Amino acid sequence: MVVKKSDYEALLAEYSNSRAAIALLKQYRLYLEMVPSLRRPEDSLITIPLPIIRLRKDGDESGKTVPLTCDLGIFMCDPEWKVKTGVEIFVFIYRPQEDFSDLLTRWRETQVLLDKEYEWVMPQGYKHIYSQEAEEIYPLFVLFSETPERVKRGLMGANLPFVIQPTYDSIEVEVEESNVEMEKILSQIDDGIDDG
């Protein structure tokens, strides 16, 4: 099976929700440990799909607004004070037909932009949060089981963290297979009852 645009879109939509983003971080423990409060995880992070930053000119003057090449920005927040902490995680979801160099280039472009002075263009519900640049930025790559092996090898070789998600087609196949198995088990149980 191949990765389809709908697989990418489904994960982007899923991880735009803070609960799903926490489930994603659970797959890479080092990043999960960065969440300020695991007792209040929804109040401890902000997820921004397809994030935008405003580059600063000299001083406090606003400069050019640019989109980042990542798919999702995850920002840690202090749940008590409702302020953004210095940790930012950038999620790069594998896109159909993307190769290792394409995926790595997206991370490198994000690094270059975030090396300048910037501020976040925050979604309406988070405009009150102080949105200065991060102290530390971290990448997380989300691949599919159908992603080419060279992409996985490349990320391992570059020492970049990734997790693997099934495509929705493969999930559907697994569900269908488990339904068939369940039907077999139920029919064997029925046969055993009939024999008894």
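Definitions and limits used
Residues numbered from 1 in each chain as written. Predicted model: local features only at pLDDT ≥ 70, side-chain atom pairs only at ≥ 80, totals over all residues. Heavy atoms only, no water. Buried < 20%, exposed > 50% of the residue type's maximum accessible area, 1.4 Å probe, protein only. Helix = DSSP H or I, 4+ residues; strand = E, 2+ residues; numbered from the N terminus. Pairing = 2+ DSSP bridges. pLDDT = per-residue confidence, 0-100. Polar contact = N/O pair within 3.5 Å; in protein donor to acceptor, adjacent residues only side chain to side chain. Contact = heavy atoms within 4.5 Å. Phe/Tyr/Trp six-rings, centres within 6.5 Å; stacked < 30°, edge-to-face > 60°.

### Remarks on the pairing of strand 8 (residues 162-165)
Here strand 8 shows a clear split, with Val163 and Gln165 buried on one side and none of Phe162 and Ile164 buried on the other. Where strand 7 (residues 136-144) meets strand 8, four bridges bridge the pair, whose relative direction is parallel. Among the inter-strand pairings, valine 142 is bridged to a residue of strand 8, identified as valine 163.

### Observations concerning the confidence of the model for the chain
Detailed conclusions should not be drawn from predicted coordinates in areas where pLDDT is low. Averaged over all residues, the pLDDT of the chain equals 81, while 74% of them reach at least 70. At the low end of the mean pLDDT range in the chain sits helix 7 (residues 168-195), at 51; at the high end sits helix 6 (residues 149-157), at 96.

### A word on the side chain of threonine 47
In this fold, threonine 47 is placed in strand 1 (residues 45-49). The buried category is assigned to threonine 47, whose relative accessible area is 9%. There is a polar contact of 2.6 Å between the side chain of threonine 47 and the backbone oxygen of serine 16. Dropping the residues within four chain positions of it, threonine 47 is found in contact with Tyr15, Ser16, Asn17, Ser18, Ala21, Leu72, Gly73 and Ile74.

### What to know about the environment of serine 44
Inspection of the secondary structure puts serine 44 in helix 4 (residues 41-44). In the structure, serine 44 is positioned 26 residues away from serine 18 in sequence and 9.2 Å away in space, judged by C-alpha atoms.

### Structural notes on the packing of aromatic side chains
Evaluation of the coordinates by the stated rule reveals seven aromatic pairs. Ring geometry for tyrosine 31 and tyrosine 138: centres 5.6 Å apart, planes at 55°, overall tilted. Residue tyrosine 31 is found in helix 3 (residues 29-32), and its partner tyrosine 138 is found in strand 7; the two are separated by 107 residues along the sequence. On the numbers, 5.6 Å between centres and 85° between planes, the contact of tyrosine 118 with tryptophan 120 is edge-to-face. The exposure classification of tyrosine 118 matches that of tryptophan 120, with both residues buried. Clustering of aromatic rings is evident, with ring pairs tying together Phe75, Phe90, Tyr118 and Trp120.

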